[in-house]
Each structure stands twice: as structure tokens, then as C-alpha cells.
Amino acid sequence: MSRKRVAILISGGGSNMLSLVRDMADPEHPGAPCLVLSNNPDAGGLARARALGVPVATVDHRPHRGDRPAFEAKLTQVLADAGAEVICLAGFMRILTPGFINAWSGRMINIHPSILPLFPGLHTHARALEAGMTVHGCSVHEVTADLDAGPILGQAVVPILDGDTPERLAERVLGMEHRLYPAALRRFLTGERSRLALLG
Ligand code: GRF
């Protein structure tokens, strides 16, 4: 079976992108990375992807401030030129319009650093600590027009420890993200939809 062409969208360091690209080095993997695309030309993940031989591109959102459709039209063109069939959002920090999301319905997934539906949006680690949670984690979900609310493909859980700061908790969660996202992408590409839970 031909491997699905996977584009990974980043905005920063791309640690989740790296774990996905490394996992797809397995020739038996149902997907292969065709592009790493960033809205931020200075994203550290671009050099890391290039070093692994993955084609990279940037579509800077700043010239298109206030005109999301124009920004997304560029994204769409670059993705089409790369022959992308599936999108993995991995630390991508731009809000996408329902038009773009609908065009990729069933073909775009994201990783979010919380046990959804708890703590959608930003600053999830600080919010989990403030809420007095004893566990926290991350979720891989299909992207829908409702932010951080699409069908959940997999989740991973970590304990919150005494003295945890948002930074220490984020580091612990990130370690599980790097395990969860590759496993969830493999299953997503093969159509496997049974529950995936990793208990760290
Ligand atoms: C991580 O917290 C991830 O959950 C979120 O973006 C942050 C940075 O991810 N999606 P990465 O290191 O750039 O992959």
C-alpha cells in the first residue's frame, strides 16, 4: 500500500515534528513526511527537519495580518505543491478558519497538551496546577472548527508531583507527547479508531 504523504505544520522548535519524522523513518510506517511547513521563518524546527532530509517551507503569516484567507491560500498552495494528503499540526500556533479546516476534514490532526475536554486553549499546565489536578497529560485529536474539540484519537496521562511548576509539568507532558503522537498517527493512517491510552 502506498504511504500517505504527511505534512507537519510547526511554529517553533518542532520537538513533536521530530518524533513524528523519526517514527516515519520506518519503511513499514503507513505515512512518509513530505513537508515541514512553518508560519514562522525563524522556527528552530525548520533546521531540524532539513537536517533529517525533509523538505521545508515557510508561509509567513505577518504579511497577511488581518487576512486569514490570504494566508491560508498560500498554505494551501504550498501543501498542494508538496502533494500533502494528511496534515499533522505540531506546535502550530495560528488559528485556522472553518473553510481551511473543512477542506482537510478527516485528514488533519493535532496534539494538545491537556486531557481534553479539560483545558482547551493556552497555558494548560498552569491551569491544571491552579485547578488542583493530580494528573495532567496530552491528547491527539482530529481538527474540527471547534478549537481543541475534535474526535479524540489518543491520550496520555502523567502525574502532577509536589512542587511542580508549569515548566516542569510541561516537560513531563512533552515526553509523553513524543510517544503518543507517533502512535496516534500510525493508527489514524491505518483507519484504526479504537481507544489509545498511554499511562506514563
Ligand atoms: C507543546 O506543548 C505541544 O503540546 C503544543 O505545542 C508545544 C510545543 O510543541 N502543541 P513542539 O515542541 O513545538 O512540538
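Rules of the game
Residues numbered from 1 in each chain as written. Predicted model: local features only at pLDDT ≥ 70, side-chain atom pairs only at ≥ 80, totals over all residues. Heavy atoms only, no water. Helix = DSSP H or I, 4+ residues; strand = E, 2+ residues; numbered from the N terminus. Rg over C-alpha atoms; globule rule 2.2 N^0.38 Å. Disulfide = S-S within 2.5 Å. Buried < 20%, exposed > 50% of the residue type's maximum accessible area, 1.4 Å probe, protein only. Pairing = 2+ DSSP bridges. Axes fitted to C-alpha atoms, helices over the stretch in contact; angles between N-to-C directions. Contact = heavy atoms within 4.5 Å. Near = heavy atom within 4 Å. Polar contact = N/O pair within 3.5 Å; in protein donor to acceptor, adjacent residues only side chain to side chain. Areas by Shrake-Rupley, 256 points an atom, 1.4 Å probe, with all protein chains shown as cover. Nonpolar A, V, L, I, M, F, W, Y, C, P; charged D, E, K, R; others polar. Domains from an automatic or database assignment. Buried area = accessible area lost by both parts, 1.4 Å probe. Salt bridge = Lys/Arg side-chain N within 4 Å of Asp/Glu carboxyl O.

## A few points about the overall build of the chain
Working step 1: Of the regular secondary structure elements, the chain holds six helices and eight strands.
Working step 2: Starting at the N terminus and ending at the C terminus, the chain contains elements arranged as β-α-β-α-β-α-β-α-β-α-β-β-α-β.
Working step 3: Relative to the compact-globule value of 16 Å for 200 residues, the chain shows a C-alpha radius of gyration of 16 Å, a close match.
Working step 4: For the C-alpha atoms alone, the extent of the chain along its principal axes is close to 50 × 40 × 30 Å.

## A closer look at the state of the cysteines
Working step 1: Counting across every chain of the model gives zero disulfides.
Working step 2: Left without a disulfide partner, Cys-34 is nearest to the cysteine sulfur of Cys-88, which lies 10 Å away.
Working step 3: Relative accessible area serves as the criterion here: at 0%, Cys-88 is assigned to the buried category.

## Looking at the sheet that holds strand E4 (residues 86-89)
Working step 1: The strand order E3-E2-E1-E4-E5-E6-E7-E8 describes an open sheet built from eight strands, whose pairing is mixed. One side of each edge strand has no neighbouring strand; the edge strands of this open sheet are strand E3 (56-58) and strand E8 (197-199). For this sheet, the mean angle separating the axes of adjacent strands, direction not counted, is 20°.
Working step 2: The pairing of strand E2 (residues 31-38) with E3 spans three bridges and is parallel. When the sheet's bridge partners are listed, Ser-38 is paired in E3 with Thr-58.
Working step 3: Each of strand E1 (4-10), E2, E4 and strand E5 (108-112) is contacted by helix H1 (residues 15-23), which is oriented at about 165° to E1, the strand it contacts most.

## Observations regarding the site of the ligand
Working step 1: By nearness alone, every residue bordering the ligand is listed as Gly-14, Ser-15, Asn-16, Gly-91, Ile-111, Pro-113, Leu-174 and Glu-177.
Working step 2: In the model, an oxygen atom of the ligand is placed 2.5 Å from a nitrogen or oxygen of the Ser-15 side chain.
Working step 3: Look at the ligand: alone it shows 360 Å² of surface, and the protein chains cover 77% of it.
Working step 4: Among the elements of the structure, H1 and helix H6 (166-190) are those that each provide at least two residues to the shell around the ligand.
Working step 5: Among the residues forming the shell around the ligand, the class breakdown is three nonpolar, four polar and one charged.
Working step 6: Looking at the shell around the ligand, you find at least three residues from each of domain 1 (1-104) and domain 2 (110-200).

## Some words on the domain arrangement of the chain
Working step 1: In terms of domains, the chain is made up of domain 1 (1-104) and domain 2 (110-200).
Working step 2: Across the contact, 20 residues belong to domain 1 and 17 residues belong to domain 2.
Working step 3: Between domain 1 and domain 2, a total of about 1600 Å² is buried, with carbon and sulfur atoms accounting for 70% of that surface.
Working step 4: A per-residue breakdown of the area domain 1 buries against domain 2 is headed by Asn-16, Leu-89 and Ile-101, which together make up 30% of the total.
Working step 5: At the junction of domain 1 and domain 2, the tally comes to two salt bridges.
Working step 6: Between Asp-26 and Arg-186 there is a salt bridge, with the nearest N and O atoms lying 3.0 Å from each other.
Working step 7: Summed over the shared surface of domain 1 and domain 2, the number is five residue pairs in polar contact (both at pLDDT 80 or more).
Working step 8: Here the side of domain 1 that touches domain 2 gets five residues from one element, more than from any other, and that element is H1.

## Some thoughts on the pattern of salt bridges
Working step 1: Here the structure, examined in full by the defined rule, presents five salt bridges.
Working step 2: Between Asp-164 and Arg-168 there is a salt bridge, with its nearest N and O atoms 3.8 Å apart.
Working step 3: Relative accessible area serves as the criterion here: at 43%, Arg-168 is assigned to the partly exposed category.
Working step 4: A cluster of three or more residues bridged by salt bridges with shared partners is formed by Asp-23, Asp-26 and Arg-186.

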